[in-house]
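So the chains spell out like this:
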Amino acid sequence: MPLIASLRAMLALRFFRVAFGVCALLFVAGVAAILIALFPAVTRESFVSLHYNIHFGVDAVGAWWLLFVPSGVAFVLTVGNALYAARIWQREHVIAHAFAVAAILVNVFVLLHVVFIVLLNLSST
């Protein structure tokens, strides 16, 4: 069965539509948190905080557009999980469900990361 047909068959189930819909909402929430809370103030900064370590404080700084990298990585992982789940859908239903749950977990953790980085940058300005 071709990948597109398998993806359609998998997304015919409500679980997968809800799972990847939640992933899309979490992605949009992360990008919106950056755009609403930090723009346009961070575009005038020469660098922004990208990572915080409890032992050393801010240990990674960079250009403002690097704030979007975690959300971009989460998007790529979500699309990859969806495609791989569709690829194995005909043989292993349980593993396909596990990939959908993993995609949600990745997006939740990335959203938490984005929220904490936004709060860090708001507190330092």
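Just so you know, these numbers come straight off a predicted model, no measurement behind them.

1. Section: the overall build of the protein chain
For the protein chain, the helix and strand inventory stands at 4 helices and 2 strands. Ordered by position from the N terminus, the helices and strands of the protein chain form the series α-α-β-β-α-α. In summary, the protein chain has a C-alpha radius of gyration of 17 Å against a globular reference of 14 Å for 125 residues, an excess of more than 25%. Its C-alpha atoms give the protein chain principal-axis dimensions of roughly 55 × 30 × 20 Å. Split into buried and exposed, the 125 residues of the protein chain put 30% on the buried side. Excluding contacts between residues fewer than 6 apart, the proportion of contacts in the protein chain whose partners are at least 24 apart in sequence is 66%. Accessible surface computed for the protein chain: about 7700 Å², of which carbon and sulfur atoms make up 73%.

2. Structural notes on the pairing of strand β2 (residues 57-62)
Note: strand β1 (residues 48-53) against β2, 5 bridges, orientation antiparallel. Looking at the pairing, Y52 lines up with V58 of β2. Between β1 and β2, which pair antiparallel in sequence order, lie 3 residues.

3. With respect to the side chain of S49
In this structure, S49 sits in strand β1. Judged by its relative accessible area of 9%, S49 falls in the buried class. With residues near it in sequence (within four places) discarded, S49 still touches V58, A60, V61, L67, I117, L120 and N121.

4. So, the packing of aromatic side chains
Summed over all chains, the structure comprises 6 aromatic pairs. Plain terms: the ring middles of F15 and F16 are 5.3 Å apart, the flat faces sit at 85 degrees to each other, and that makes the pair edge-to-face. Taking relative accessible area as the criterion, F16 reaches 0% and is therefore assigned buried. Geometrically, the ring pair formed by Y84 and F99 is edge-to-face, given 5.0 Å between the ring centres and 65 degrees between the ring planes. Of the two residues, Y84 sits in helix α3 (residues 69-88) while F99 sits in helix α4 (residues 93-124), which places them 15 residues apart along the sequence. Judged by its relative accessible area of 22%, F99 is partly exposed.

5. Considering the side chain of N81
Within the secondary structure, N81 is located in helix α3. From its side chain, N81 meets the backbone oxygen of F99 in a polar contact 3.4 Å long. Setting aside anything within four residues of it in sequence, one finds N81 in contact with F99, A102 and A103.

Analysis parameters
Residues numbered from 1 in each chain as written. Predicted model: local features only at pLDDT ≥ 70, side-chain atom pairs only at ≥ 80, totals over all residues. Heavy atoms only, no water. Helix = DSSP H or I, 4+ residues; strand = E, 2+ residues; numbered from the N terminus. Rg over C-alpha atoms; globule rule 2.2 N^0.38 Å. Buried < 20%, exposed > 50% of the residue type's maximum accessible area, 1.4 Å probe, protein only. Contact = heavy atoms within 4.5 Å. Areas by Shrake-Rupley, 256 points an atom, 1.4 Å probe, with all protein chains shown as cover. Pairing = 2+ DSSP bridges. Phe/Tyr/Trp six-rings, centres within 6.5 Å; stacked < 30°, edge-to-face > 60°. Polar contact = N/O pair within 3.5 Å; in protein donor to acceptor, adjacent residues only side chain to side chain.

Everything listed here is a matter of coordinates, which is why it stays silent on function.
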